[in-house]
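# Overview (structure and organization)
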Amino acid sequence: MLKNYLITTLRSIAKRKAFTLLNVFGLSIGLAASLLILQYVKDELSFDDFHAKHENIYRVEFDAYRDGKQIFRCATAFPKVAPMLKADFPEVEDATRLYLRYGGGVIRYNETAIKEDNLFQAEQNFFSIFSYPLLSGVAKLDQPNTAIVEKETARKYFGDADPVGKRIRFGDNEEYEITGVMESPVNSHLKFSFLFSYPTLVTLWGEQFENAWGWYDFYNYVLLKPGSSPEALEAKFPAFVDKYGTNNNSGIKESERTKFVLQPLKEIHLYSDLIQEAGVNGNGTAVYFLMIIALFILVIAWVNYINLSTARAVERAKEVGIRKSIGAHRAQLIYQFISEAFVINLAAALFGLLLVYLAIPAFNEMADKHLTFSVFADKNLWFSLAALFMTGSLFSGLYPAFILSSYQPAKVLKGSMKGSRDGLFLRKGLVVGQFIFSVALIAGTLIVYRQLQFMQNRDLGINIDQTVVINGPGFLAQDSLYGNYLQVYKNSLAAHPAVKNFTAATEVPGNLIYWTNGAQRIGDEVSQRNQMYIMGIDHDFFKTFGNTLLSGRGYAFEFTADSSSVILNRKAVEIFNMETPENAIGQRIRIGGDTLNVVGVVENYHQEGLKQDFRPTAFRLVQNARSYFCVKVDTDKLGQTMAFLKEKYAEVFPNNPFDYFFLDTFFNRQYKNERQFGSVFGFFAGLAIFVACLGLFGLASFTAAQRTKEIGIRKVLGSSVSAVFILLSKDFLRLVAIANVIAIPVVWYIMNQWLDSFAFRVSIDVWIFIVAAVLTTLIALITVSYQSISAATTNPVKSLRYE
């Protein structure tokens, strides 16, 4: 019996080659796209799940409040938090701290000197909480001046030699012995080059920093005992904060200003976008958007099969009638038609796997992933393929099977069998559904693209073009003559005609400012204290970047007391209630322990990307800033200019690597996730629309075939080609119009929710939906036009002879 089903299925497929090719091609694209997206989603969801205890690990988030309003949410907290949590709460099995050496630094081994990022100080119990593989050696992070090196980083310094026992230098006054080599997996929200021992900080800063409450530069992680409730523990935090918090003499409880939240380790990568994150995280919303697109593409492909199968119902009715008249049971016919669906889906699955194999390199480049052909050894891939194959076969095969097998042989063989009105209504509903998806995807892609363009082209309030940023020297940076060296380098560059400006600063646009402190206007209550972001700049910073001065003045050499002065941005003026920039001049504020005189106010500019709002910023004069050198250059002979910058750098700062980047590229790296999301979203949206068009093309061809006699009669009676074309096209265009009416409000709501995640965003204009509607209409019209025109231009004699 099975052999008979198979033979009959193959004959049916061979007889209807165009029908088969349309379905196999559409289904294979749907399956390939879905498998690629599922691998992408799997990779994103796999972050931090290699830790054996990941279900019980939490990061302590620090939220700051003033007057009941949240000021900021931060990934780091105070160094006192982790040890006190472990001491006070029995449900905390262990707790550890990490300190990021922000901005990285130069690591030296013998003659090799390389600027490294991702440098952390870690405690000894780090490896008992987290499961980062220690490949060789041992962790001695409880001793000063010891380090663990990441394996790929180790190769840069030691080649294939064993790093254990080797000594490296960091900066001018730190030396570490390497005691072990670790692996830093890609799918982790923490990436490491070196782990330095935490006790080294005590030798550098003294023990007093351990009790700091207010210095929130430390990542605190806790491991809860199995079965412990994080919600119950969080409920105890207010009392904990009041117990250890600093007495601010304001009469306000510390727990009203400081709140701690437990972030599950597994949620950090996709759902955390706090200040002072250890790295750029993913986007959970984007991941689920892509999952929805994968579902759209599959459903559209399956709907195509249902539509084309039911559209052929009348054509296959005679076959069903003959089979039933010679004794076939309905169940046998159902098995027959489901078998056809299984064979077509099987062919699509095999072709889909081939498409996945061919698409992996291009997909990796587009999505910035590292999928390899080893995914074909992943049982999850085969499980997903099997699940999609079975679901697709049943979903696309059952309805046509039951419809076709229900025909009564007497009516069919008499020739009185006509298309079902219910079946026609279903097919129209399915086409509307397909184009709802298509309109949604086109409009969504346009909105995503427009927001990306807005972010990349918006006036930042400063000029970052043609700016080379050189990382400051790691060695000599603490030398007492550093200021002289800096001035020599600056003077040597000024002599070159391609160098327009030079400035040294503690930070550059595109980075979060990590130098923060509490700030208060003199005369205000302690309760009005605000968080201030502080940037150290020299006299030429505003001239180099072209900041707009709203009132007062910038720093100048003739004002010798400027070390006690400060320049604010407009946002700082607003939070201190200084009314206007002009009114701020001459007022005094206290930042940390320093009382400073406001001498100028500059306009807000985008220090970070447009996802973040402006932050209150104080610009302090730091003439010998050593983090970054920003050089404005003429790009006509860029190669020669860069060679000159490097040559002079080597003369003034020998034994330091010349490490640089272009500021505009550096700034736009913040939009990497959004660009990738836009590329992937747009590509798969295009695939979904293409698959929908395949189905529409097939449906149009069968519609034209079923109306062959009608078209012939109309032409004999005088209808023109254009009239016949309109006749065959208007039904489809009506369905597209209905789809637009349904899709537009849904898209408007969903995309508004996505745009609200940006502090600065575009509005959703009406023209976007007009463009989406016009495009879907044109796509539908072009898709059905070939069949419509072909039918309209056919000789009516042939059309009437056909039936």
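The structure reproduced in this document is the subject of the present report. (Residues numbered from 1 in each chain as written. Predicted model: local features only at pLDDT ≥ 70, side-chain atom pairs only at ≥ 80, totals over all residues. Heavy atoms only, no water.)

## Brief notes about unusual backbone geometry
Defined as follows: Think of it this way: any DSSP run of H or I at least four residues long counts as a helix, any run of E at least two long counts as a strand, and we number them from the N terminus. When accessible area is computed with a 1.4 Å probe and restricted to protein chains, residues below 20% of their type maximum are described as buried, those above 50% as exposed, and intermediate ones as partly exposed.
Unlike most non-glycine residues, Asn145 shows phi in positive territory, near 60 degrees. Looking at the secondary structure, you find Asn145 in the loop between strand S7 (134–137) and strand S8 (146–150). In this model, Asn655 sits at a positive phi of 70 degrees, which is unusual for a non-glycine residue. When you line up the elements, Asn655 lands in the loop between helix H20 (638–652) and strand S24 (660–662). Judged by its relative accessible area of 55%, Asn655 falls in the exposed class.

## Structural notes on the environment of Gln676
The cut-off we apply is this: It only takes one pair of heavy atoms within 4.5 Å for two residues to be counted as in contact. Here a polar contact is recorded for every N or O atom pair within 3.5 Å, except that within protein the pair must consist of a potential hydrogen donor and a potential acceptor, and residues adjacent in sequence are included only if both atoms are side-chain atoms.
Its place among the elements puts Gln676 in helix H22 (residues 672–706). When the C-alpha atoms of Gln676 and Met366 are compared, they prove to be 6.6 Å apart, with 310 residues separating the residues in sequence. Setting aside residues up to four positions removed in sequence, Gln676 forms contacts with Met366, Ala367 and Asp368. Here Asp368 takes part through its side chain, which lies 3.3 Å from a polar atom of the side chain of Gln676.

## Some remarks on H20
Count 3.6 residues to each turn of an α-helix, and residues three or four apart come out pointing the same way. Test applied: Given the number of residues in a helix, its expected span is that number minus one, multiplied by 1.5 Å. Within this analysis, the arc is defined by the directions that extend from the helix axis to the C-beta atoms.
In this model, H20 (15 residues) spans 21 Å end to end at C-alpha, consistent with the 21 Å of a helix rising 1.5 Å per residue. Taken together, the buried positions of H20 are Thr641, Met642, Phe644, Leu645, Lys648, Tyr649 and Val652. For H20, the angular spread of buried residues about the axis comes to 155 degrees, placing them on one side. In H20, the exposed positions angled more than 90 degrees off the buried face are occupied by Gly639 and Gln640. Those residues of H20 that are buried lie in contact with strand S14 (467–471), helix H16 (482–494), strand S15 (499–505), strand S23 (628–633) and S24.

## Regarding the pairing of strand S21 (residues 594–602)
Let me state the cut-off plainly: Two strands make a pair as long as DSSP finds a minimum of two bridges between them.
Relative to S21, strand S18 (residues 549–552) is paired through 3 bridges, and the arrangement is antiparallel. Following the sheet pairing, Gly552 is matched in S21 by Gly600. Where strand S19 (residues 565–569) and S21 come together, 5 bridges link them in parallel fashion. Note that in S21 the partner of Asn569 across the bridge is Val602. Hairpin remark: strand S20 (residues 588–591) followed by S21, antiparallel, with 2 residues in the connecting loop; positive phi at Gly592, about 65 degrees.

## Some details on the packing of H16 against H20
What counts here: Angles here are taken between N-to-C directions and fall from 0 to 180 degrees, while the axes themselves are lines fitted to C-alpha atoms, restricted in helices to the stretch in contact. Relative orientations are named as follows: roughly parallel for angles under 35 degrees, roughly antiparallel for angles over 145 degrees, roughly perpendicular for angles from 65 to 115 degrees, and oblique for any other angle. We call a crossing left-handed when the near helix sits turned anticlockwise from the far one by less than a right angle, and right-handed when that turn is clockwise. Basically, the charged four are Asp, Glu, Lys and Arg, the nonpolar ten are Ala, Val, Leu, Ile, Met, Phe, Trp, Tyr, Cys and Pro, and anything else, Gly included, counts as polar.
Between H16 and H20, whose axes approach to 10 Å, the crossing angle comes to 155 degrees. Overall, the two elements H16 and H20 adopt an arrangement that is roughly antiparallel. Two packed elements cross with a definite hand, and for H16 against H20 that hand is right-handed. For the pair H16 and H20, the contacting residues are Tyr485, Val488, Tyr489, Ser492 and Leu493 in the first and Phe644, Leu645, Lys648, Tyr649 and Val652 in the second. Taken together, the residues of the contact of H16 with H20 sort by class into 8 nonpolar, 1 polar and 1 charged.

## Some words on the pairing of strand S9 (residues 167–170)
On S9, burial follows the alternation: Ile168 and Phe170 on one face are buried, whereas Arg167 and Arg169 on the facing-out side are not. Here strand S4 (residues 105–109) runs beside S9; their pairing, made up of 2 bridges, is antiparallel. In the sheet register, Arg108 faces S9, and the bridge partner there is Arg169. Taken together, the 4 bridges between S9 and strand S10 (residues 174–182) define a ladder with antiparallel strand orientation. By the bridge assignment for S10, Phe170 is matched with Glu174. The hairpin formed by S9 and S10 contains 3 residues between the paired strands, and Gly171 there has a positive phi angle of roughly 70 degrees.

## Let's talk about the side chain of Asp538
Where we set the bar: Charged-residue counts in this description rest on Lys and Arg as positive and Asp and Glu as negative, His and the chain ends being excluded. When a carboxyl oxygen of Asp or Glu is within 4 Å of a side-chain nitrogen of Lys or Arg, the pair counts as a salt bridge.
Tracing the sequence through the fold places Asp538 in the loop between strand S17 (530–537) and helix H17 (541–545). It is Lys490 that comes nearest to the buried, bridge-free Asp538 among opposite-charge side chains, at 4.3 Å. A distance of 2.5 Å separates a polar atom in the side chain of Asp538 from a polar atom in the side chain of Thr503. Here the side chain of Asp538 touches Phe541 through a polar contact of 3.3 Å, landing on its backbone nitrogen. When neighbours within four sequence positions are excluded, Asp538 is seen to be in contact with Lys490, Phe502, Thr503, Ala504, Leu621, Val622 and Gln623.

## Points about the pattern of salt bridges
Under the definition given, this model contains 26 salt bridges. When the shortest N-O distance is used, the salt bridge between Glu123 and Arg97 registers 2.9 Å. Placement of Glu123 in the loop between strand S6 (119–122) and helix H4 (126–129) and of Arg97 in strand S3 (residues 92–100) is noted, with a sequence separation of 26 residues between them. Judged on exposure class, the residue Glu123 and its partner Arg97 are both buried. Each of Arg97, Glu123 and Glu210 takes part in one network of salt bridges that share partners.

## Re helix H8 (residues 237–244)
Restricting attention to buried positions, one finds in H8 the residues Phe237, Phe240, Val241 and Tyr244. All buried residues of H8 fall inside an arc of 100 degrees around its axis, so they share one side. Away from the buried face of H8 by more than 90 degrees, exposed residues Ala239 and Lys243 are located. Its buried side turned inward, H8 meets helix H3 (81–88), helix H7 (230–234) and strand S13 (258–264).

## Some words on the environment of Ser763
In this fold, Ser763 is placed in the loop between helix H24 (721–755) and helix H25 (766–792). On the basis of relative accessible area, Ser763 is assigned to the partly exposed category, the value being 42%. Each C-alpha atom of the pair Ser763 and Asn752 lies 8.4 Å from the other, and the pair is 11 residues apart in sequence. A polar atom in the side chain of Ser763 sits 3.1 Å from the side chain of Asp765.

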